[in-house]
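Fold and contact review
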Amino acid sequence: MPEYWDPEIETMPVADLKKLQGKRLKELVSYVYENSPFYKKRFDECGIRPEDIQTLEDITKLPFTLKQDLRDTYPTGMFCVPNSRLARFHASSGTTGKPTVVGYTQKDIDEWAESLARGFTSVGVGKDDILQVSYGYGLFTGGLGAHYGSEKLGATVLPTSSGNTERQIELMTDLGTTAIACTPSYFLFMIETARKMGISIKDDTKVKMGFFGAEPWSTELKKRIEDESGIKAYDIYGTSELSGPLFTECSEQCGIHIWGDKFLVEILDPETEEPVPDGEIGELVITTLTKEALPLIRYRVKDLTRKLSEPCKCGRTHPRITRISGRSDDMIIVRGINVFPGQVESVLLNIPEVGNHFMIILDRDGPLDNMKVQIEMNESAFSDRMSDMMALKKKISGALRHVLNLAVEVELVEHGSLPRSEGKSKKVIDNRKM
Ligand SMILES: [Zn+2]
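Per chain, residues are indexed from 1 in the order of the written sequence. The predicted nature of this model means local features are confined to residues of pLDDT at least 70 and side-chain atom pairs, given and counted, to a pLDDT of 80 or more, with totals for whole chains, interfaces and linings taken over all residues. Derived side-chain values reflect all non-hydrogen atoms in the structure, with water molecules and hydrogen atoms excluded from consideration.

A short note on the pattern of salt bridges
- Basic side-chain nitrogens of Lys or Arg form a salt bridge, by our definition, when they fall within 4 Å of a carboxyl oxygen of Asp or Glu. What the rule picks out here adds up to 36 salt bridges.
- A salt bridge links Lys67 to Glu241; the shortest N-O distance between them is 3.3 Å. Pair noted here: Lys67 is in helix 4 (residues 67-72) and Glu241 is in the loop between strand 7 (232-239) and strand 8 (244-248), with a separation of 174 residues, a long-range link.
- Relative accessibility decides the category of a residue: with a 1.4 Å probe and only protein chains considered, values under 20% of the type maximum give buried, values over 50% give exposed, and everything between is partly exposed. Judged by its relative accessible area of 27%, Lys67 is partly exposed.
- We note a salt bridge from Glu283 to Arg300, for which the minimum N-O separation is 2.8 Å. With a gap of 17 residues between them, Glu283 in strand 11 (residues 282-288) and Arg300 in strand 12 (residues 299-305) connect regions that are remote in the sequence. With respect to class, Glu283 is no different from Arg300; both count as buried.
- Taken together, the shared-partner salt bridges in this structure form one network comprising Lys107, Glu111, Glu114, Arg118, Asp261 and Lys262. We count a stretch as a helix when DSSP gives it H or I for four or more residues in a row; a strand needs E for two or more, and each element gets its number in order from the N terminus.

Points about the layout of surface pockets
- Quantified by volume, the second largest pocket comes out at close to 540 Å³.
- Forming the boundary of the second largest pocket are 21 residues, of which Lys18, Leu56, Leu264, Val265 and Lys307 lie nearest the centre.
- The residue classification treats Ala, Val, Leu, Ile, Met, Phe, Trp, Tyr, Cys and Pro as nonpolar and Asp, Glu, Lys and Arg as charged. All others, Gly included, are polar. The residue inventory of the lining of the second largest pocket, partitioned by class, reads 11 nonpolar, five polar and five charged. Whether a set of points on the 1 Å grid over the protein atoms alone is a cavity depends on a 1.4 Å probe fitting there but being unable to get out, while an open set qualifies as a pocket with protein on both sides within 12 Å along at least five of seven lines; lining residues are those with an atom within 4 Å of a point. Grid points are joined across faces, edges and corners, and a volume is the space filled by probe spheres set on the points.

Some remarks on the sheet that holds strand 5 (residues 179-182)
- At least two DSSP bridges between two strands are required for those strands to pair. Read from one edge of the open sheet, six strands run 4-3-5-6-7-8, paired in mixed fashion. Strand pairing shows two members of the sheet lacking a second neighbour, strand 4 (156-158) and strand 8, which therefore form its edges. Neighbour-to-neighbour, the strand axes of this sheet turn through a mean angle of 30 degrees, independent of strand direction.
- Here three bridges tie strand 3 (residues 130-133) to strand 5, and the two strands are oriented parallel to one another. Its bridge partner being in strand 5, Val133 is matched across the sheet by Ala181.
- Any two residues having at least one pair of non-hydrogen atoms within 4.5 Å are treated as being in contact. For every element, the axis is a line fit to its C-alpha atoms; helices are fit only across the contacting stretch, and the angle between N-to-C directions ranges from 0 to 180 degrees. Relative to the sheet, helix 5 (residues 106-122) contacts strand 3, strand 6 (209-212), strand 7 and strand 8, its axis offset from that of strand 8 by approximately 35 degrees.

Here's the deal with the coordination of the zinc ion
- In this structure, Cys250 (SG), His257 (NE2), Cys312 (SG) and Cys314 (SG) serve as the protein donors to the zinc ion, at separations of 2.1 to 2.3 Å.
- Only nitrogen, oxygen and sulfur atoms count as donors, using a 2.8 Å cut-off from the metal that widens to 3.2 Å for Na, K and Ca. Water is left out, so coordination shells may look unfilled. Geometry assignment treats four donors as tetrahedral when all angles are between 85 and 135 degrees, treats four as square planar and six as octahedral when opposite donors are over 155 degrees apart and all others between 65 and 115, and treats everything else as irregular. Note that the zinc ion binds four donor atoms; their angles at the metal cover 102 to 114 degrees, and the shape is tetrahedral.
- Along the chain, the residues that donate to the zinc ion are spaced as C-x6-H-x54-C-x1-C. Taken individually, Cys250 and His257 each receive the classification buried, so the pair is uniform in this respect.

That's the geometry; what it means functionally is another story.
The following block contains the structure:
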């Protein structure tokens, strides 16, 4: 029997869920029109009155919200509540210019924690579990998000945050961590560090599952993590603008459940802005249905995914999205060809001699773009024979060319020579912009 955090909501008939969404959408539109000068102005400019939104289908009449809107109204210009009602702020890193600030009422924080409690429960996390939160704590939402979610369901939290990796592994071993939450690249680093300490996560710890997210990762990387650490690797998904990490895969592992009573999912063609059919890749657009401090209407997350609407085998009726295959913002254009770092990762990790780390370096060679990939080899794959190395290089560049339709320069580097990440990893260096 599958365990549910809230069986009534999680398994509600699809028709009832849609009815609830329609009702909440209608309420939301009135709420933001009355409480957010930003949305009032935007709706007025588009000639939309709250009463124009009567059903779920009317959502397409509403304008999109972009991350730029949050920047333009920095810091709190889009908030719908006065400061006296705010319980907390978070902020996303501002790689270019100002960060974006997110505010929460106490109800927003409770609902955030509940969303994750549902997800953690759906893969069997319970009161006996010790969940090590190795996402950064602070303005970044990963740490506190996973923390509150697991406290909500009564698991024991080990709030290590990121960094200090040897100590993390010591505590993991001594206290008997059973589940971990961090970026996939940080977990790779943990596996490697543990090995250097003479500890095998597979044999010497009680870790049986991990929640990995905050950066796109491929199915191939998931498989490597599972093989090397002996754990089950689950997707966890969310972005700071929507609250933080909110959704996970369930034990069926066929998509991430998006809680439809709180969030409305659309998948659009980024060019035409029209919905794509179920199962086809497009850009994720989410409307928050119940948030008080910073509700967002048709927020363009810029992550690329597919939507699966049919009910899951686990019994949950809420829609699912597939693993994030990349961000539309991450796309690089090389000699006119669109390349996603995730494609490169998928190709490389399918080659057994290749290690877990790589770096894409883009340069301009006269009028032409040059794409080089530095690739770490597996510890065991290194050979003194030049001919072996040449053959491997040829195999890798052939595989990359086949998928990317692009000639790529391959450089094999020693195991351990590329930078490791304790948070979100950087996989592209673009020297063309300098
Ligand atoms: Zn499910």
